[in-house]
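# Fold and contact review
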Amino acid sequence: MDAKYLGGLISRITKGAKVVIVSNREPAMHERDVGGVRIVRPASGMVAALEPIVRATGGTWVAHGSGSADRLVTDDKGRVSMPPEDPRYTLRRVWLTRKEENGYYYSLSNQALWPLCHIVYTRPRFSRQDWETYRDVNRRFCDTVLEEVEGGPAIVFIQDYHLALLPRMLRIARPDLTLIHFWHIPWPNREAFRIFPWGEELLDGLLGNDVLGFHIQYHCNNFMDTVDRGIEAKVDYERFSIFRGGRPTHVRAFPISVDFHQIGKDVASQRVEEKHASFIKELGDGILETKVFVGADRIDYTKGIPERMKAFDLMLKDHPELRGKVTLLQLAAPSRTHIEEYRNINEELDDLVDEINWRHQTEDWTPIRYLRAHHDYHAVLASYRMADVVMVTSLHDGMNLVAKEFISARADGDGVLLLSQYTGAARELPDALLVNPYDIDELADAMFEAFRMTEKERKKRMKRMRVQVQKHTVYDWGAKIFEALEGILPVREVA
Ligand code: F6P
């Protein structure tokens, strides 16, 4: 399955109806820079997955315009063709005030829904005023989508927890639209969900969809159960469908993935070569004489970054003979820094790096190289190339695409993936070294096992993981979602 095939499949299924993608985060942010404007691709698994699909299908992507130069490059409706050098789709930006962004994005989405759904023992915070702002902003997205579909037939593909009320709003305004929603984070069990004060309205919002997708079956089951016990609706476990208001919402698992072949090509590109060279320049070529343990994450308390550092520390304490022989290279993208918990984890990481380096470093070796910055796609690929081990130690993660990107990037067939059992990816990748990141001793043991793993064993595991990712790419994910639609809906013919 490739981009071309998916493009053909979607236009056959949609029969000419317009495809509109909607998300909070935009696929590209225009940022002011010395002497002009530069395009930044955000650190988002959601964007990484949707970008190749929207390029293949064309159409419009509606998202919050959050870049400092976004307004400079759009027309008076907030539209800009993307990518600028080879336009394939239209990006339509939704403008929000600082107050709206605070209430809807920083507060309700990321201090209430994010911790509620991940359950990593960070307490969610609720405020009625934020919920009202969230509702208003969902309404704003609704108005924008309605403008973009221009009264014609359309398939609206909504992303994530920022826009839970949008489907019902669209359904009421335009009963003929086909609505798909993909929830990129876990769905919690009903005990965890029931503390959410506006649960009924949120669930009703989501039940405006025709299809509601999660990464894994377990999250589908949790959602069915939450609705069954929480609100009035007919829950059909035979068909995995929910009827509320006479129309079904089909609940399905669609494990998201990456563009395996493109990553394989990009990792061999000149740009990655240059990034690789600049890493070596920055870190010193001594790093290549050590085994490099790479982490590449947004700085988020769900990602298990402190746990990973503590385990690395423990491995060095337990095995002092490893001093000078291993390096932890952590690429860390700052994220949501207006939120207290995110500022706290930034401080915690700074302290940990100082403390661990102080404890073990020698004159010519530093155990942890911590690069806090936004690293672009090519820099991340360069880090995978340098890696002997990639560590994904999330405390909870819907899927985690770093794992699948790393595997796609290793055409040499070598490298170890150390993977949290609490990621969606773990279900597909039993050949990774699966760990419980809450158990620092176990994590340290797994790191040591990765260090010692023979080339034969590494290659055997990597080969199987590559087959898995190659067979289930992001295009297969997109195709499955649209095929599900084909199976259950009569998509209206265009007159
Ligand atoms: O995949 C979950 C998600 O919240 C996406 O919706 C989002 O784009 C990504 O993580 C990064 O977070 P943010 O957009 O808040 O920077």
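Here the residue index of a chain counts from 1 through its sequence in written order. In keeping with the model being predicted, local features are shown solely for residues with a pLDDT of at least 70 and side-chain atom pairs are shown and tallied solely at 80 or more, while totals for entire chains, interfaces and linings include all residues. Only hydrogens and water are set aside; all other atoms, that is, all heavy atoms of the structure, feed into the side-chain values.

### Side note on the packing of helix α15 (residues 401–409) against helix α17 (residues 455–471)
The criterion, for reference: Between the N-to-C directions of two axes lies an angle of 0 to 180 degrees, each axis being a line fitted to C-alpha atoms and, for a helix, fitted only over the stretch in contact. The way it works is that DSSP assigns letters per residue, a run of H or I at least four long becomes a helix, a run of E at least two long becomes a strand, and they are numbered from the N terminus. Orientation labels follow simple angle bins: below 35 degrees gives roughly parallel, above 145 gives roughly antiparallel, 65 to 115 gives roughly perpendicular, and whatever is left gives oblique. Here, residues are in contact when the closest pair of their heavy atoms is within 4.5 Å. Polar here means any residue other than Ala, Val, Leu, Ile, Met, Phe, Trp, Tyr, Cys and Pro, which are nonpolar, and Asp, Glu, Lys and Arg, which are charged; Gly is therefore polar.
Across the interface, α15 lies against α17 with an axial gap of 9 Å and an inter-helix angle of 110°. Relative to α17, the element α15 lies roughly perpendicular. Facing α15, whose interface residues are Lys404, Phe406, Ile407, Ser408 and Ala409, α17 presents Met462, Met465, Arg466 and Val469. Residue classes in the contact of α15 with α17 are distributed as six nonpolar, one polar and two charged.

### Observations concerning the site of the ligand
This is how the line gets drawn: Here a residue counts as near a molecule or strand whenever at least one of its heavy atoms sits within 4 Å of it. In the analysis that follows, any N or O atom pair within 3.5 Å is treated as a polar contact, provided that within protein one partner can donate a hydrogen and the other can accept it, and provided that, for residues neighboring in sequence, both atoms belong to side chains. Each accessible area is a Shrake-Rupley result for a 1.4 Å probe, and residues are judged covered by the shown protein chains and nothing else.
Near the ligand, the surroundings consist of 13 residues, among which Arg25, Ser44, Tyr105, Asp160 and Arg336 are the closest. Take Tyr105: an N or O atom from its side chain is 2.5 Å from an oxygen atom of the ligand. Within the contact set of the ligand, an oxygen atom lies 2.8 Å away from a side-chain nitrogen or oxygen of Arg336. Within the complex, the protein chains bury 91% of what would otherwise be the 380 Å² of accessible surface of the ligand.

### Side note on helix α14 (residues 377–386)
Working note: α-helix, 3.6 residues per turn, so residues spaced by three or four point in the same direction. What counts is decided by this rule: The buried label goes to any residue with under 20% of its type's maximum accessible area, the exposed label to any with over 50%, and the partly exposed label to all in between, with areas taken from a 1.4 Å probe on protein chains only.
α14 sits mainly inside the fold: nine of its ten residues count as buried. Of the residues making up α14, those classed as buried are Tyr377, His378, Ala379, Val380, Leu381, Ala382, Ser383, Tyr384 and Met386. With a side-chain oxygen lying 3.1 Å from the backbone nitrogen of His378, the N-terminal cap of α14 falls on Asp376.

### Comments concerning helix α2 (residues 45–57)
The condition is simple: The span you would expect from a helix comes to 1.5 Å times its residue count less one. In this analysis the local bend is the angle between axes fitted, respectively, to the seven residues ending at and the seven residues starting at the residue.
Over its 13 residues, α2 runs 19 Å from end to end, which matches the ideal 18 Å to within 8%, given 1.5 Å per residue. Along α2, the helix axis deviates most sharply at Glu51, where the bend reaches about 25°; the proline Pro52 sits within four residues downstream. Regarding α2, the residues found buried are Met46, Val47, Ala49, Leu50, Glu51, Pro52, Ile53 and Val54. By the N-cap criterion, in which a side-chain oxygen at the helix start approaches the backbone nitrogen of a residue two or three places on, α2 is capped by Ser44, the distance to Met46 being 3.2 Å. Downstream of α2 by one or two residues, Gly58 has phi in the positive range, about 75°.

### Observations concerning a nonpolar patch on the surface
Defined as follows: Note that patches include only residues with greater than 30% relative accessible area and no salt bridge, and the join distances are 9 Å for like charges and 5 Å for nonpolar side chains (Val, Leu, Ile, Met, Phe, Trp, Tyr). Note on definitions: salt bridges are taken to be side-chain nitrogens of Lys or Arg within 4 Å of carboxyl oxygens of Asp or Glu.
Together, Val37, Leu72 and Val73 line one region of the surface with nonpolar side chains, adding up to about 230 Å² of accessible area. Among the structural elements, Val37 can be located in strand β3 (residues 36–40). Taking relative accessible area as the criterion, Val37 reaches 41% and is therefore assigned partly exposed.

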